[in-house]
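# Survey of secondary and tertiary structure
So you can see what is in the structure, the chains are spelled out below.
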Amino acid sequence: GGTIGGQYFFLKGAMMIVGIGGNVFKLPGTYVVILAAVASAGGGVIVLNSGLKRYDALYIAPMYQSFLVVFGAISGAVFFRELEGLSKIQLVGLVVSL
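Below: a short report on this structure.

The rules behind each value
Residues numbered from 1 in each chain as written. Predicted model: local features only at pLDDT ≥ 70, side-chain atom pairs only at ≥ 80, totals over all residues. Heavy atoms only, no water. Helix = DSSP H or I, 4+ residues; strand = E, 2+ residues; numbered from the N terminus. Buried < 20%, exposed > 50% of the residue type's maximum accessible area, 1.4 Å probe, protein only. Contact = heavy atoms within 4.5 Å. Salt bridge = Lys/Arg side-chain N within 4 Å of Asp/Glu carboxyl O.

Let us look at the overall build of the protein chain. For the protein chain, the helix and strand inventory stands at four helices and zero strands. In the protein chain, the succession of helices and strands from N to C terminus is α-α-α-α. Each of the three principal axes of the protein chain carries a C-alpha extent, and together these read 45 × 40 × 15 Å. Residue burial in the protein chain is summarised as follows: out of 98 residues, 22% are buried. For the protein chain, contacts bridging at least 24 residues in sequence account for 61% of all contacts bridging at least 6.

Have a look at this one:
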């Protein structure tokens, strides 16, 4: 789960940094975040392949995808504070949809 959740943290972080513009590529932190995004995506592939070696694809593929969606929503909600502007009915809709 951490590898899958890490993909969202680092990919969104990288996109936010690049979206700032200017001289962000002169900062070493930019490359650290981009490298972490690539590494966590590679880690996700390793986790998926490991699961496919041990279990049937009809079980692993939907589980992997569901973890990707759930952890993406949770990480966005917590780390990037994406729920702050939502009304109560929107929050209920989000929870029900997950």
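On inspection of all chains with the given rule, the structure shows one salt bridge. Of the charged contacts, one joins glutamate 82 and lysine 12 as a salt bridge, the two residues approaching to 2.3 Å between their closest N and O atoms. With glutamate 82 in the loop between α3 (57-79) and α4 (88-97) and lysine 12 in helix α1 (residues 2-20), this residue pair connects regions lying 70 residues apart in the sequence.

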